[in-house]
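Take a look at the letters that make up each chain.
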Amino acid sequence: MSRKSSWRNRLSFYLLAIGSACGLGNLWRFPYIVGENGGGAFLLLYVFLAFTVGLTLLIAELMIGHFTGVSILKASKRVALQYKRPIHLFGWLSVFISAVTLAYYSVICGWVLHYLTQFLLSLFQAQPISYLSQTSMMTLYQNSWLQFLLASVHLLISIVIVVKGFAEGVERWIASILPLFGILVIILLVKSLSLDSTPDVLRFLFYPDFSKLTWASIGHAVGHVFFTLSLGFGTMVTFGSYFKKDEKLPVIGFRVTFVDTLISILAVLLIFPIAFSSSKKPLTDPSLLFEVLPQFLAREKGGVFFGLIFFLCLWLAALNASIGLLETVTANLVEKKPELKRSLSAWIAGFFILGLTVIPAFSGTLFKSFKVHGQGFIETMDSFLINGLLPIAGLGMVIIALLSLTEADRKKLFVQDASPTSYNMYTHWRFALKWVVPIVILLGLGFQLFEFVSY
Ligand code: TRP
(Lines give C-alpha, C1' and ligand atoms only; values in the text may rest on other atoms or scores of the structure.)
Protein backbone atom coordinates (compact mmCIF):
# COMPACT_ATOMS: atom_id res chain seq x y z
CA MET A 1 0.00 0.00 0.00
CA SER A 2 1.69 3.13 -1.20
CA ARG A 3 -0.65 5.20 0.93
CA LYS A 4 0.66 3.73 4.14
CA SER A 5 4.24 4.71 3.57
CA SER A 6 3.47 8.25 2.61
CA TRP A 7 2.17 9.72 5.86
CA ARG A 8 5.30 11.67 6.22
CA ASN A 9 4.27 14.64 8.16
CA ARG A 10 1.61 15.07 10.70
CA LEU A 11 0.12 18.20 9.24
CA SER A 12 -0.95 16.44 6.10
CA PHE A 13 -2.77 13.84 8.14
CA TYR A 14 -4.64 16.54 10.01
CA LEU A 15 -5.60 18.17 6.76
CA LEU A 16 -6.93 14.88 5.41
CA ALA A 17 -8.93 13.99 8.51
CA ILE A 18 -10.31 17.50 8.77
CA GLY A 19 -10.96 17.46 5.03
CA SER A 20 -13.08 14.35 5.40
CA ALA A 21 -15.02 15.83 8.29
CA CYS A 22 -15.68 19.25 6.76
CA GLY A 23 -18.00 19.27 3.81
CA LEU A 24 -21.62 19.69 2.88
CA GLY A 25 -22.49 18.34 6.31
CA ASN A 26 -21.33 21.60 7.85
CA LEU A 27 -22.53 24.15 5.31
CA TRP A 28 -25.59 22.54 3.84
CA ARG A 29 -27.00 20.05 6.35
CA PHE A 30 -26.22 21.61 9.71
CA PRO A 31 -28.03 24.96 9.21
CA TYR A 32 -31.36 23.43 8.23
CA ILE A 33 -31.15 20.80 10.94
CA VAL A 34 -30.65 23.55 13.51
CA GLY A 35 -33.59 25.43 11.97
CA GLU A 36 -35.76 22.33 12.02
CA ASN A 37 -35.01 21.70 15.68
CA GLY A 38 -35.70 25.21 16.87
CA GLY A 39 -32.28 26.92 17.20
CA GLY A 40 -30.29 27.60 20.36
CA ALA A 41 -31.25 24.68 22.57
CA PHE A 42 -30.49 22.24 19.78
CA LEU A 43 -27.18 23.94 19.06
CA LEU A 44 -26.18 23.46 22.67
CA LEU A 45 -27.26 19.83 22.65
CA TYR A 46 -25.37 19.27 19.42
CA VAL A 47 -22.09 20.75 20.69
CA PHE A 48 -22.39 18.73 23.88
CA LEU A 49 -22.95 15.50 21.99
CA ALA A 50 -20.17 16.24 19.48
CA PHE A 51 -17.62 16.40 22.29
CA THR A 52 -18.98 13.46 24.26
CA VAL A 53 -20.42 10.90 21.88
CA GLY A 54 -18.65 12.10 18.70
CA LEU A 55 -15.16 12.58 20.07
CA THR A 56 -15.29 9.31 22.03
CA LEU A 57 -16.29 7.33 18.98
CA LEU A 58 -13.85 9.13 16.71
CA ILE A 59 -10.98 8.07 18.96
CA ALA A 60 -12.38 4.53 19.04
CA GLU A 61 -12.61 4.26 15.24
CA LEU A 62 -9.08 5.59 14.76
CA MET A 63 -7.94 3.10 17.37
CA ILE A 64 -9.58 0.12 15.66
CA GLY A 65 -7.84 0.99 12.41
CA HIS A 66 -4.53 1.77 14.06
CA PHE A 67 -4.49 -1.48 16.00
CA THR A 68 -5.82 -3.90 13.38
CA GLY A 69 -4.32 -2.20 10.32
CA VAL A 70 -7.33 -3.21 8.20
CA SER A 71 -10.62 -1.73 7.04
CA ILE A 72 -13.88 -2.13 8.92
CA LEU A 73 -15.16 -5.16 7.01
CA LYS A 74 -12.12 -7.24 7.87
CA ALA A 75 -11.88 -5.91 11.43
CA SER A 76 -15.50 -6.85 12.09
CA LYS A 77 -15.01 -10.27 10.48
CA ARG A 78 -12.12 -11.05 12.82
CA VAL A 79 -14.19 -10.19 15.88
CA ALA A 80 -17.08 -12.23 14.50
CA LEU A 81 -14.87 -15.31 14.09
CA GLN A 82 -13.28 -14.87 17.47
CA TYR A 83 -16.53 -14.48 19.38
CA LYS A 84 -18.73 -16.57 17.08
CA ARG A 85 -21.32 -13.80 16.83
CA PRO A 86 -22.58 -12.13 13.62
CA ILE A 87 -20.63 -8.93 14.33
CA HIS A 88 -19.44 -8.75 10.72
CA LEU A 89 -22.95 -7.59 9.85
CA PHE A 90 -22.03 -4.24 11.40
CA GLY A 91 -19.09 -4.03 9.00
CA TRP A 92 -21.41 -4.69 6.06
CA LEU A 93 -23.85 -2.12 7.38
CA SER A 94 -21.10 0.53 7.41
CA VAL A 95 -20.09 -0.20 3.84
CA PHE A 96 -23.72 -0.20 2.73
CA ILE A 97 -24.29 3.16 4.43
CA SER A 98 -21.19 4.60 2.76
CA ALA A 99 -22.48 3.54 -0.66
CA VAL A 100 -26.01 4.86 -0.16
CA THR A 101 -24.73 8.08 1.44
CA LEU A 102 -22.48 8.70 -1.52
CA ALA A 103 -25.40 8.25 -3.91
CA TYR A 104 -27.43 10.78 -1.95
CA TYR A 105 -24.46 13.10 -1.36
CA SER A 106 -23.73 13.13 -5.11
CA VAL A 107 -27.17 14.55 -5.83
CA ILE A 108 -26.54 17.42 -3.41
CA CYS A 109 -23.09 17.88 -4.97
CA GLY A 110 -24.99 18.14 -8.26
CA TRP A 111 -26.97 21.04 -6.78
CA VAL A 112 -23.65 22.72 -5.91
CA LEU A 113 -22.45 22.15 -9.48
CA HIS A 114 -25.67 23.67 -10.78
CA TYR A 115 -25.14 26.89 -8.84
CA LEU A 116 -21.47 26.90 -9.78
CA THR A 117 -22.38 26.81 -13.48
CA GLN A 118 -25.07 29.46 -12.97
CA PHE A 119 -22.52 31.82 -11.44
CA LEU A 120 -20.15 31.02 -14.28
CA LEU A 121 -22.79 31.62 -16.95
CA SER A 122 -23.95 34.82 -15.33
CA LEU A 123 -20.51 36.32 -15.93
CA PHE A 124 -21.37 36.30 -19.63
CA GLN A 125 -24.78 37.88 -19.23
CA ALA A 126 -25.54 41.54 -19.73
CA GLN A 127 -27.38 41.55 -16.41
CA PRO A 128 -25.86 38.86 -14.21
CA ILE A 129 -28.05 39.81 -11.28
CA SER A 130 -31.37 39.34 -12.99
CA TYR A 131 -30.03 36.12 -14.53
CA LEU A 132 -29.04 34.74 -11.15
CA SER A 133 -32.21 35.73 -9.38
CA GLN A 134 -34.19 33.52 -11.74
CA THR A 135 -32.34 30.39 -10.63
CA SER A 136 -34.40 28.79 -7.96
CA MET A 137 -34.13 25.47 -6.24
CA MET A 138 -37.69 24.64 -7.20
CA THR A 139 -36.92 24.49 -10.92
CA LEU A 140 -33.89 22.31 -10.30
CA TYR A 141 -35.80 20.08 -7.94
CA GLN A 142 -38.47 19.44 -10.53
CA ASN A 143 -35.92 18.64 -13.21
CA SER A 144 -34.89 15.11 -12.29
CA TRP A 145 -32.89 14.44 -15.42
CA LEU A 146 -30.75 17.50 -14.80
CA GLN A 147 -30.20 16.41 -11.21
CA PHE A 148 -29.24 12.94 -12.37
CA LEU A 149 -26.89 14.34 -15.00
CA LEU A 150 -25.15 16.66 -12.55
CA ALA A 151 -24.85 13.92 -9.93
CA SER A 152 -23.41 11.57 -12.57
CA VAL A 153 -20.83 14.12 -13.68
CA HIS A 154 -19.80 14.60 -10.08
CA LEU A 155 -19.64 10.89 -9.38
CA LEU A 156 -17.74 10.11 -12.56
CA ILE A 157 -15.09 12.67 -11.63
CA SER A 158 -14.78 11.00 -8.21
CA ILE A 159 -14.60 7.54 -9.79
CA VAL A 160 -11.88 8.53 -12.25
CA ILE A 161 -9.83 10.07 -9.43
CA VAL A 162 -10.10 6.90 -7.33
CA VAL A 163 -9.56 4.54 -10.29
CA LYS A 164 -6.47 6.38 -11.42
CA GLY A 165 -5.07 6.18 -7.91
CA PHE A 166 -4.97 9.98 -7.61
CA ALA A 167 -7.17 10.03 -4.55
CA GLU A 168 -4.44 10.82 -2.09
CA GLY A 169 -2.92 13.55 -4.22
CA VAL A 170 -6.28 15.16 -4.92
CA GLU A 171 -7.37 14.92 -1.28
CA ARG A 172 -4.12 16.52 -0.20
CA TRP A 173 -4.48 19.26 -2.76
CA ILE A 174 -8.10 20.00 -1.87
CA ALA A 175 -7.30 19.89 1.84
CA SER A 176 -4.59 22.47 1.29
CA ILE A 177 -7.07 24.91 -0.24
CA LEU A 178 -9.52 24.46 2.63
CA PRO A 179 -7.94 27.40 4.50
CA LEU A 180 -8.87 29.61 1.52
CA PHE A 181 -12.42 28.37 1.83
CA GLY A 182 -12.30 29.22 5.53
CA ILE A 183 -11.27 32.79 4.65
CA LEU A 184 -14.14 33.12 2.16
CA VAL A 185 -16.58 31.92 4.81
CA ILE A 186 -15.25 34.50 7.25
CA ILE A 187 -15.53 37.36 4.72
CA LEU A 188 -19.11 36.36 3.98
CA LEU A 189 -19.78 36.01 7.67
CA VAL A 190 -18.72 39.59 8.31
CA LYS A 191 -21.08 40.76 5.56
CA SER A 192 -23.92 38.63 6.77
CA LEU A 193 -23.50 39.65 10.42
CA SER A 194 -23.79 43.31 9.43
CA LEU A 195 -27.39 42.76 8.34
CA ASP A 196 -30.23 44.14 10.44
CA SER A 197 -31.49 40.71 11.28
CA THR A 198 -28.38 39.77 13.28
CA PRO A 199 -29.76 40.51 16.77
CA ASP A 200 -32.73 38.23 16.09
CA VAL A 201 -30.41 35.53 14.83
CA LEU A 202 -28.13 35.77 17.84
CA ARG A 203 -31.16 35.46 20.08
CA PHE A 204 -32.40 32.48 18.09
CA LEU A 205 -29.03 30.73 18.24
CA PHE A 206 -27.61 31.61 21.62
CA TYR A 207 -30.62 32.10 23.82
CA PRO A 208 -31.71 28.52 24.21
CA ASP A 209 -35.41 27.91 24.37
CA PHE A 210 -35.67 24.35 25.61
CA SER A 211 -39.38 24.19 24.93
CA LYS A 212 -38.48 23.97 21.24
CA LEU A 213 -36.62 20.70 21.72
CA THR A 214 -38.43 17.43 21.33
CA TRP A 215 -37.15 14.13 22.66
CA ALA A 216 -36.42 13.06 19.12
CA SER A 217 -33.99 16.00 18.81
CA ILE A 218 -31.45 13.82 20.64
CA GLY A 219 -31.62 11.37 17.74
CA HIS A 220 -31.31 14.19 15.19
CA ALA A 221 -28.26 15.60 16.96
CA VAL A 222 -26.58 12.19 17.24
CA GLY A 223 -27.22 11.46 13.57
CA HIS A 224 -25.70 14.74 12.49
CA VAL A 225 -22.67 14.34 14.78
CA PHE A 226 -22.00 11.00 13.08
CA PHE A 227 -22.51 12.33 9.60
CA THR A 228 -20.38 15.42 9.97
CA LEU A 229 -17.51 13.66 11.75
CA SER A 230 -17.71 10.80 9.21
CA LEU A 231 -18.39 8.27 11.99
CA GLY A 232 -20.05 4.91 11.46
CA PHE A 233 -18.88 4.75 7.84
CA GLY A 234 -15.60 3.01 8.57
CA THR A 235 -13.71 5.92 7.01
CA MET A 236 -11.96 6.84 10.21
CA VAL A 237 -11.03 3.17 10.73
CA THR A 238 -9.31 3.16 7.35
CA PHE A 239 -7.59 6.43 8.23
CA GLY A 240 -6.42 5.03 11.56
CA SER A 241 -4.84 2.10 9.75
CA TYR A 242 -2.56 4.51 7.89
CA PHE A 243 -1.06 6.07 11.01
CA LYS A 244 2.47 5.98 12.23
CA LYS A 245 3.11 4.24 15.53
CA ASP A 246 3.47 7.20 17.84
CA GLU A 247 0.38 9.12 16.79
CA LYS A 248 -1.61 10.59 19.69
CA LEU A 249 -5.13 9.49 18.88
CA PRO A 250 -7.01 11.54 21.52
CA VAL A 251 -5.27 14.73 20.42
CA ILE A 252 -6.06 14.11 16.75
CA GLY A 253 -9.65 13.29 17.64
CA PHE A 254 -10.05 16.45 19.68
CA ARG A 255 -8.63 18.74 17.01
CA VAL A 256 -10.77 17.27 14.25
CA THR A 257 -13.92 17.57 16.39
CA PHE A 258 -13.03 21.13 17.36
CA VAL A 259 -12.41 22.39 13.81
CA ASP A 260 -15.49 20.65 12.46
CA THR A 261 -17.74 22.07 15.18
CA LEU A 262 -16.31 25.55 14.72
CA ILE A 263 -17.03 25.46 10.99
CA SER A 264 -20.59 24.30 11.61
CA ILE A 265 -21.19 27.18 13.99
CA LEU A 266 -19.72 29.66 11.51
CA ALA A 267 -22.02 28.18 8.87
CA VAL A 268 -25.19 28.87 10.86
CA LEU A 269 -23.96 32.35 11.72
CA LEU A 270 -23.46 32.92 8.01
CA ILE A 271 -26.72 31.52 6.68
CA PHE A 272 -29.25 32.61 9.29
CA PRO A 273 -28.89 36.42 9.13
CA ILE A 274 -29.42 36.23 5.37
CA ALA A 275 -32.32 33.82 5.72
CA PHE A 276 -33.94 35.96 8.43
CA SER A 277 -33.64 39.15 6.41
CA SER A 278 -34.81 37.81 3.06
CA SER A 279 -38.47 37.61 4.10
CA LYS A 280 -39.74 34.43 5.60
CA LYS A 281 -37.57 31.70 4.09
CA PRO A 282 -38.26 28.40 5.80
CA LEU A 283 -35.20 27.49 7.82
CA THR A 284 -36.15 23.87 7.91
CA ASP A 285 -35.72 22.78 4.33
CA PRO A 286 -32.76 21.03 2.62
CA SER A 287 -32.81 23.79 0.01
CA LEU A 288 -32.00 26.46 2.65
CA LEU A 289 -28.34 27.10 1.72
CA PHE A 290 -29.08 27.12 -1.99
CA GLU A 291 -32.11 29.37 -1.75
CA VAL A 292 -30.47 31.89 0.50
CA LEU A 293 -26.85 32.35 -0.45
CA PRO A 294 -26.91 32.83 -4.26
CA GLN A 295 -29.72 35.40 -4.07
CA PHE A 296 -27.80 37.32 -1.42
CA LEU A 297 -24.58 37.24 -3.41
CA ALA A 298 -26.37 38.30 -6.58
CA ARG A 299 -27.38 41.53 -4.85
CA GLU A 300 -23.93 42.34 -3.45
CA LYS A 301 -21.26 44.29 -5.32
CA GLY A 302 -18.75 41.81 -6.77
CA GLY A 303 -21.01 39.05 -5.47
CA VAL A 304 -21.07 37.12 -8.74
CA PHE A 305 -17.35 36.62 -8.78
CA PHE A 306 -17.27 35.87 -5.08
CA GLY A 307 -20.11 33.39 -5.47
CA LEU A 308 -18.24 31.64 -8.23
CA ILE A 309 -15.20 31.07 -6.03
CA PHE A 310 -17.34 30.18 -3.04
CA PHE A 311 -19.32 27.50 -4.88
CA LEU A 312 -16.12 26.21 -6.45
CA CYS A 313 -14.57 25.76 -3.00
CA LEU A 314 -17.78 24.18 -1.71
CA TRP A 315 -17.79 21.76 -4.60
CA LEU A 316 -14.13 20.86 -4.06
CA ALA A 317 -14.79 20.22 -0.37
CA ALA A 318 -17.72 18.02 -1.36
CA LEU A 319 -15.59 16.25 -3.96
CA ASN A 320 -13.09 15.50 -1.25
CA ALA A 321 -15.83 13.88 0.83
CA SER A 322 -17.08 11.90 -2.16
CA ILE A 323 -13.60 10.58 -2.88
CA GLY A 324 -13.30 9.59 0.79
CA LEU A 325 -16.60 7.71 0.68
CA LEU A 326 -15.78 5.94 -2.57
CA GLU A 327 -12.34 5.03 -1.25
CA THR A 328 -13.96 3.49 1.82
CA VAL A 329 -16.25 1.32 -0.28
CA THR A 330 -13.42 0.42 -2.69
CA ALA A 331 -10.91 -0.39 0.09
CA ASN A 332 -13.41 -2.78 1.65
CA LEU A 333 -14.18 -4.39 -1.70
CA VAL A 334 -10.47 -4.88 -2.42
CA GLU A 335 -9.94 -6.52 0.95
CA LYS A 336 -12.95 -8.72 0.42
CA LYS A 337 -12.07 -9.71 -3.14
CA PRO A 338 -8.29 -9.42 -3.47
CA GLU A 339 -8.39 -11.12 -6.87
CA LEU A 340 -10.04 -8.02 -8.38
CA LYS A 341 -7.74 -5.23 -9.43
CA ARG A 342 -8.10 -2.08 -7.40
CA SER A 343 -9.14 -0.03 -10.41
CA LEU A 344 -11.80 -2.57 -11.36
CA SER A 345 -13.12 -2.55 -7.80
CA ALA A 346 -13.40 1.22 -7.93
CA TRP A 347 -15.33 1.05 -11.22
CA ILE A 348 -17.68 -1.62 -9.84
CA ALA A 349 -18.31 0.31 -6.63
CA GLY A 350 -18.71 3.57 -8.57
CA PHE A 351 -21.22 2.22 -11.05
CA PHE A 352 -23.22 0.50 -8.37
CA ILE A 353 -23.46 3.84 -6.55
CA LEU A 354 -24.27 5.65 -9.78
CA GLY A 355 -27.24 3.31 -10.19
CA LEU A 356 -28.38 4.21 -6.68
CA THR A 357 -28.35 7.97 -7.41
CA VAL A 358 -31.42 7.47 -9.60
CA ILE A 359 -33.56 7.23 -6.47
CA PRO A 360 -32.69 10.56 -4.83
CA ALA A 361 -32.31 12.32 -8.20
CA PHE A 362 -35.82 11.42 -9.29
CA SER A 363 -37.41 12.02 -5.92
CA GLY A 364 -38.74 15.46 -6.96
CA THR A 365 -40.78 14.04 -9.82
CA LEU A 366 -41.35 10.29 -9.49
CA PHE A 367 -41.91 10.38 -5.74
CA LYS A 368 -43.58 13.77 -5.71
CA SER A 369 -46.61 12.58 -3.84
CA PHE A 370 -44.54 10.54 -1.37
CA LYS A 371 -45.18 11.85 2.12
CA VAL A 372 -44.43 10.27 5.47
CA HIS A 373 -45.69 12.37 8.37
CA GLY A 374 -45.57 15.49 6.21
CA GLN A 375 -42.00 14.86 5.03
CA GLY A 376 -41.04 14.40 1.39
CA PHE A 377 -38.95 11.57 0.01
CA ILE A 378 -35.52 13.20 0.33
CA GLU A 379 -36.10 14.20 3.95
CA THR A 380 -37.46 10.78 4.84
CA MET A 381 -34.53 9.02 3.23
CA ASP A 382 -32.09 11.38 4.91
CA SER A 383 -33.64 10.74 8.33
CA PHE A 384 -33.74 7.00 7.88
CA LEU A 385 -30.15 6.83 6.69
CA ILE A 386 -28.46 9.38 8.90
CA ASN A 387 -30.57 9.47 12.04
CA GLY A 388 -31.52 5.80 11.94
CA LEU A 389 -29.02 3.47 10.30
CA LEU A 390 -25.85 5.46 10.94
CA PRO A 391 -26.13 5.41 14.75
CA ILE A 392 -26.72 1.64 14.57
CA ALA A 393 -23.45 1.34 12.65
CA GLY A 394 -21.90 3.52 15.38
CA LEU A 395 -23.11 1.04 17.96
CA GLY A 396 -21.31 -1.64 15.95
CA MET A 397 -18.11 0.42 16.14
CA VAL A 398 -18.40 0.53 19.94
CA ILE A 399 -18.77 -3.25 20.05
CA ILE A 400 -15.84 -3.80 17.70
CA ALA A 401 -13.63 -1.37 19.63
CA LEU A 402 -14.46 -3.14 22.87
CA LEU A 403 -13.97 -6.65 21.51
CA SER A 404 -11.08 -6.39 19.06
CA LEU A 405 -8.71 -4.70 21.50
CA THR A 406 -7.92 -5.78 25.02
CA GLU A 407 -8.05 -3.31 27.88
CA ALA A 408 -4.25 -3.17 27.83
CA ASP A 409 -4.13 -2.47 24.08
CA ARG A 410 -6.61 0.36 24.35
CA LYS A 411 -4.83 1.86 27.29
CA LYS A 412 -1.49 1.70 25.51
CA LEU A 413 -2.82 3.43 22.43
CA PHE A 414 -4.67 6.07 24.39
CA VAL A 415 -2.09 6.90 27.04
CA GLN A 416 0.98 7.87 25.09
CA ASP A 417 2.93 9.97 27.55
CA ALA A 418 2.06 7.98 30.68
CA SER A 419 1.17 11.13 32.62
CA PRO A 420 -1.46 10.91 35.38
CA THR A 421 -3.78 13.23 33.42
CA SER A 422 -3.85 10.93 30.44
CA TYR A 423 -4.60 7.93 32.68
CA ASN A 424 -7.41 9.92 34.10
CA MET A 425 -8.67 10.84 30.65
CA TYR A 426 -8.45 7.22 29.62
CA THR A 427 -10.80 6.18 32.41
CA HIS A 428 -13.28 8.82 31.31
CA TRP A 429 -13.03 7.82 27.67
CA ARG A 430 -13.54 4.15 28.48
CA PHE A 431 -16.59 4.97 30.59
CA ALA A 432 -18.00 7.12 27.80
CA LEU A 433 -17.38 4.40 25.22
CA LYS A 434 -18.91 1.63 27.28
CA TRP A 435 -21.88 3.48 28.69
CA VAL A 436 -22.53 7.01 27.49
CA VAL A 437 -22.25 6.40 23.74
CA PRO A 438 -24.47 3.28 23.60
CA ILE A 439 -27.06 4.74 25.96
CA VAL A 440 -27.31 8.03 24.05
CA ILE A 441 -27.54 6.20 20.71
CA LEU A 442 -30.27 3.90 21.99
CA LEU A 443 -32.20 6.78 23.57
CA GLY A 444 -31.95 8.75 20.32
CA LEU A 445 -33.23 5.81 18.29
CA GLY A 446 -35.94 4.98 20.81
CA PHE A 447 -37.32 8.52 21.01
CA GLN A 448 -37.42 8.83 17.24
CA LEU A 449 -39.21 5.54 16.92
CA PHE A 450 -41.67 6.62 19.57
CA GLU A 451 -42.28 9.94 17.80
CA PHE A 452 -42.74 8.10 14.51
CA VAL A 453 -45.36 5.67 15.75
CA SER A 454 -47.24 8.19 17.87
CA TYR A 455 -47.37 10.86 15.14
N1 TRP B 1 -18.37 14.45 6.98
C2 TRP B 1 -18.71 14.81 5.64
C3 TRP B 1 -19.42 16.14 5.63
O4 TRP B 1 -19.66 16.72 6.64
C5 TRP B 1 -19.56 13.77 4.96
C6 TRP B 1 -19.08 12.39 5.09
C7 TRP B 1 -19.77 11.41 5.69
C8 TRP B 1 -17.85 11.84 4.66
N9 TRP B 1 -19.03 10.27 5.64
C10 TRP B 1 -17.87 10.50 5.02
C11 TRP B 1 -16.75 12.37 4.01
C12 TRP B 1 -16.80 9.67 4.75
C13 TRP B 1 -15.67 11.53 3.74
C14 TRP B 1 -15.71 10.21 4.11
O15 TRP B 1 -19.79 16.61 4.60
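Rules used throughout
- Residues numbered from 1 in each chain as written.
- Predicted model: local features only at pLDDT ≥ 70, side-chain atom pairs only at ≥ 80, totals over all residues.
- Heavy atoms only, no water.
- Helix = DSSP H or I, 4+ residues; strand = E, 2+ residues; numbered from the N terminus.
- Expected span 1.5 Å × (residues − 1).
- Buried < 20%, exposed > 50% of the residue type's maximum accessible area, 1.4 Å probe, protein only.
- Near = heavy atom within 4 Å.
- Polar contact = N/O pair within 3.5 Å; in protein donor to acceptor, adjacent residues only side chain to side chain.
- Areas by Shrake-Rupley, 256 points an atom, 1.4 Å probe, with all protein chains shown as cover.
- 1 Å grid on protein atoms, 1.4 Å probe; cavity = no way out; pocket = protein on both sides within 12 Å on 5 of 7 lines; lining within 4 Å.
- Sits in = over half its atoms within 2 Å of the grid points.
- Contact = heavy atoms within 4.5 Å.
- Points joined across faces, edges and corners; volume = space filled by probe spheres on them.
- Nonpolar A, V, L, I, M, F, W, Y, C, P; charged D, E, K, R; others polar.
- Bend = angle between axes of the 7 residues up to and from the residue.
- Salt bridge = Lys/Arg side-chain N within 4 Å of Asp/Glu carboxyl O.
- Patch = residues over 30% accessible without salt bridge, like charges linked within 9 Å, V, L, I, M, F, W, Y side chains within 5 Å.
- pLDDT = per-residue confidence, 0-100.

**So, helix 16 (residues 303-336)**
Next, step 1: With 34 residues, helix 16 extends 49 Å from end C-alpha to end C-alpha; this agrees with the ideal 50 Å at 1.5 Å per step.
Next, step 2: Most of helix 16 sits inside the fold, with 27 of its 34 residues counted as buried.

**Description of the site of the ligand**
Next, step 1: Lining the immediate environment of the ligand, one finds 15 residues, of which Ala21, Gly25, Tyr105, Phe227 and Thr228 sit closest.
Next, step 2: In this structure, a nitrogen atom belonging to the ligand sits 3.0 Å away from a main-chain N or O atom of Phe227.
Next, step 3: Here Thr228 contributes a backbone N or O atom positioned 3.0 Å from a nitrogen atom of the ligand.
Next, step 4: Starting from 360 Å² of accessible surface for the ligand in isolation, the protein chains cover 100%.
Next, step 5: With respect to the pocket detection grid, the ligand is positioned in the largest cavity.

**Here we look at the side chain of Asn320**
Next, step 1: Note on placement: Asn320 falls in helix 16.
Next, step 2: With a relative accessible area of 5%, Asn320 lands in the buried category.
Next, step 3: The residues touching Asn320, leaving out its near neighbours within four places in the chain, are Gly19, Glu171, Ile174 and Ala175.

**Details of the layout of surface pockets**
Next, step 1: Approximately 810 Å³ is the volume attributed to the largest pocket.
Next, step 2: Lining the largest pocket we find 27 residues, and of these His220, Ser383, Gln448, Glu451 and Phe452 sit closest to its centre.
Next, step 3: At the level of secondary structure, the elements contributing two or more residues to the lining of the largest pocket comprise helix 3 (24-36), helix 12 (217-228), helix 18 (377-404) and helix 20 (420-453).
Next, step 4: Per element, the largest residue contribution to the lining of the largest pocket is nine residues, and it comes from helix 18.
Next, step 5: Here the lining of the largest pocket is built from residues that sort into ten nonpolar, eleven polar and six charged.

**Digging into empty space enclosed by the protein**
Next, step 1: If you walk through the whole model with that rule in mind, you get two cavities of 30 Å³ or more.
Next, step 2: Size it by volume and the largest cavity reaches roughly 160 Å³.
Next, step 3: Lining the largest cavity are 16 residues; nearest its centre among them are Ser20, Phe227, Ser230, Ala321 and Leu325.
Next, step 4: Of all the secondary structure elements, the ones that give two or more residues to the lining of the largest cavity are helix 2 (10-21), helix 3, helix 12 and helix 16.
Next, step 5: The biggest single contributor to the lining of the largest cavity is helix 16, with four residues.
Next, step 6: Among the residues forming the lining of the largest cavity, the class breakdown is eight nonpolar, eight polar and no charged.

**Observations regarding helix 4 (residues 40-68)**
Next, step 1: Here helix 4 is 29 residues long and its end C-alpha atoms lie 40 Å apart, about the 42 Å a rise of 1.5 Å per residue gives.
Next, step 2: Where helix 4 bends most, at Ala50, the angle is about 35 degrees.
Next, step 3: Counting buried residues along helix 4, 23 of its 29 residues qualify, which places the element largely inside the surrounding structure.
Next, step 4: With its phi angle positive at about 70 degrees, Gly69 sits one or two positions after the end of helix 4.

**Observations regarding the pattern of salt bridges**
Next, step 1: In total, this model carries seven salt bridges according to the counting rule given.
Next, step 2: For the salt bridge of Asp382 with Arg29, the shortest nitrogen-to-oxygen distance reads 2.6 Å. Of this pair, Asp382 sits in helix 18 while Arg29 sits in helix 3; the two residues are 353 residues apart in sequence, bridging distant segments of the chain. No difference in accessibility class separates Asp382 from Arg29, as the two residues are buried.
Next, step 3: Among the charged side chains, a salt-bridge network with shared partners connects Glu407, Arg410 and Arg430.

**A few points about a nonpolar patch on the surface**
Next, step 1: A surface patch of nonpolar side chains, about 490 Å² in accessible area, is lined by Leu156, Val160, Leu344, Trp347, Ile348 and Phe351.
Next, step 2: Mapped onto the fold, Val160 is located in helix 9 (residues 144-163).
Next, step 3: Its relative accessible area of 38% is what places Val160 among the partly exposed residues.

**So, the confidence of the model for the chain**
Next, step 1: On average, residues of the chain score 89 in pLDDT, and 96% of them reach the 70 mark or higher.
Next, step 2: Within the chain, the lowest mean pLDDT, 44, falls on helix 1 (residues 2-5), and the highest, 97, falls on helix 12.
Next, step 3: Segment residues 1-8 is flagged for pLDDT under 50; beyond a separation of four residues in sequence, or across chains, it makes 17 contacts in the model.

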